[in-house]
Amino acid sequence: MSSSNHHRLLVVDDEPDLRTLYELTLLREGYDIETAGSVEDARLLLAEHRFSAVITDMRLPDGTGLDILRQIEAEGRPEKAIVITAYGSAENAVSALKAGAYDYLTKPVDLKQFRAVIASALNDEAPPQAQELAPGAPTPSAGHVAVPSEKSRSALSRLAGGSPCMQQVRVLIDKVSRSMAPVLLWGESGTGKELVARAIHDVSNRASQPFIAVNCGAIPEQLLEAEFFGFRKGAFTGASEEREGFFQAANGGTLFLDEIGDLPLAMQSKLLRAIQERAVRAVGATQEVHVDVRIISASHKDLQAEVHAGRFRQDLFYRLNVIQITLPALRERLEDLPMLSQRILERIAHESGMTGVPQLSLAAQSALLSHRFPGNVRELENLLHRAVALSTQHILEPEDLGLATPAPSLETIEVEVAAPIHLSGTPQTHAPLPSDLVAHLDQIERDILVQALEKHRLNRTAAGASLGLSLRQMRYRMARLGVQVNDQGIVLGERFDPDADTEQG
């Protein structure tokens, strides 16, 4: 109880009886308590004090609990917020979690659960910052953003790539790590959903606690309940000893449920109850056991479509899909391919004890950029593992990857076009030479660029790589030849020399 004495809590509720009940419950736990009956009263107290946590009702006379959440978020304050919503008001709970609440409770509040949620929030707390502010002391400036910790940077650095879609994934990971909000990861197979789940866990204050990953589609249906919730000795034939389940093993940490869409409906119902009650009962046991678990789930299926088809419970979907993070397919972020390949090759070299890191030739890089990657990053890893295993050279070629050699480069095609014509003594039967050779070659080059862009669905990086050009070279040639790409497709405009315009503007 002595550790609780360092925590000052703010309770906000407009019903005096409930406010008194919460206050007495928390005082018995050893916390220092301040109370408020409105948003305005809460703001006055927040201006005077720092708190470890704020517990607020959703509906208040002069606003909502979301108003308090927004102030905490805008000022970059350290308080964890717990919101109390009306029973069955799932939309309010989701709104609170998306607004930055650490967790939520529903009325009528179970006091045992009330104490457990607050204890969880305080255990997840950053180094104590609950000192009282001196009168007139300024609150943290609006828009303050905490500097990422070394742990946070390390976890996020494993998600290689600087593309806009991956930067957005990192922002969401950092944001959701601060709460208990359930997260649903959606993406094609091989996009790295477990890696993202681990990053969320490692960035959070639960990093020192267990991370338990479960492939829901790999467990026989008749064993699901025992695997998830554990079992007692003698609960069924073959249960010769007591064993804890995934929930108990993840207690205090994170439970990652991969391929959640593969769970049968009967098990979905039991999982929903465990999430709602924050308690599980082992097979053969008579009493439930409280568990403090952060749920992260993942699926390559469209769970909304599965709900409409009657294969996935709607109420479970809403519980799991509080915050969704969509992971891009590798073909949608080809600009990350060089960095991804280098990271994977470095890891392969380290794990294999190699003295140097294998490198990809330009032809091999072009072959990878031309590949569709239906298996995403997992397929890339398999290709590179295979190449390193089969190649006897330090430089990896397309044949080591098992991929076709890309089309001839633009330079090769130009040389072939410009090669001298050997005349024989027989009369010429070929087309006459163009009167303007430069314009003729420009038109050939323009056609090649357009064909490459169409082949690669207007992706300039992939189109350029298939022609042996860097993105910068590709942009230069497109500008010189008047080839533009916009939402409508490819637009052909006036040719011009970018170098002749460098002194303008």
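Summarised in this report is the structure supplied together with it. (Residues numbered from 1 in each chain as written. Predicted model: local features only at pLDDT ≥ 70, side-chain atom pairs only at ≥ 80, totals over all residues. Heavy atoms only, no water.)

## Digging into the packing of aromatic side chains
On inspection of all chains with the given rule, the structure shows 7 aromatic pairs. Ring centres 6.3 Å apart and planes at 65 degrees place the aromatic pair Phe228 and Phe229 in the edge-to-face group. Ring geometry for Phe317 against Tyr318: centres 5.7 Å apart, planes inclined by 55 degrees, an arrangement best described as tilted. A residue is classified by how much of its surface remains accessible, and Phe317, at 4% relative accessible area, is buried. Of the residues examined, Tyr318 reaches a relative accessible area of 43% and is grouped as partly exposed. Three or more aromatic residues joined by ring pairs make a cluster, and in this case those are Phe228, Phe229, Phe246 and Phe247. (Phe/Tyr/Trp six-rings, centres within 6.5 Å; stacked < 30°, edge-to-face > 60°. Buried < 20%, exposed > 50% of the residue type's maximum accessible area, 1.4 Å probe, protein only.)

## So, the sheet that holds strand E2 (residues 32–36)
Taken in spatial order, the 5 strands line up as E2-E1-E3-E6-E7 in an open sheet, and their pairing is parallel. The open sheet is flanked by E2 and strand E7 (103–106), the only strands paired with a single partner. The average undirected angle you get between the axes of adjacent strands in this sheet is 20 degrees. Sheet topology note: the strand E6 (residues 80–85)/E7 ladder contains 4 bridges and is parallel. The residue bridging Ile84 from the neighbouring strand is Leu105, located in E7. (Pairing = 2+ DSSP bridges. Helix = DSSP H or I, 4+ residues; strand = E, 2+ residues; numbered from the N terminus. Axes fitted to C-alpha atoms, helices over the stretch in contact; angles between N-to-C directions.)

## Examining the packing of helix H2 (residues 39–48) against helix H3 (residues 65–74)
Here H2 crosses H3 at 25 degrees, and the two axes come no closer than 10 Å. With respect to their mutual orientation, H2 and H3 come out roughly parallel. Between H2 and H3 lies a crossing of right-handed hand. On H3, the residues that touch Val39, Ala42, Arg43 and Leu46 of H2 are Asp67, Ile68 and Gln71. Within the contact of H2 with H3, the residues separate by chemical class into 4 nonpolar, 1 polar and 2 charged. (Parallel < 35°, antiparallel > 145°, perpendicular 65-115°, else oblique. Left-handed = near helix turned anticlockwise from the far one by under 90°. Contact = heavy atoms within 4.5 Å. Nonpolar A, V, L, I, M, F, W, Y, C, P; charged D, E, K, R; others polar.)

## Some remarks on unusual backbone geometry
Cis geometry marks the peptide bond from Lys107 to Pro108, where omega comes out at -5 degrees. In this structure, Glu259 is a non-glycine residue whose phi angle is positive, near 50 degrees. Of note, Glu259 is situated in the loop between strand E10 (254–258) and helix H11 (265–277). Despite not being glycine, Arg457 shows a phi value in the positive range, around 55 degrees. Here Arg457 is to be found in the loop between helix H19 (437–455) and helix H20 (460–466). Residue Arg457 is classed as exposed on the basis of its relative accessible area of 65%.

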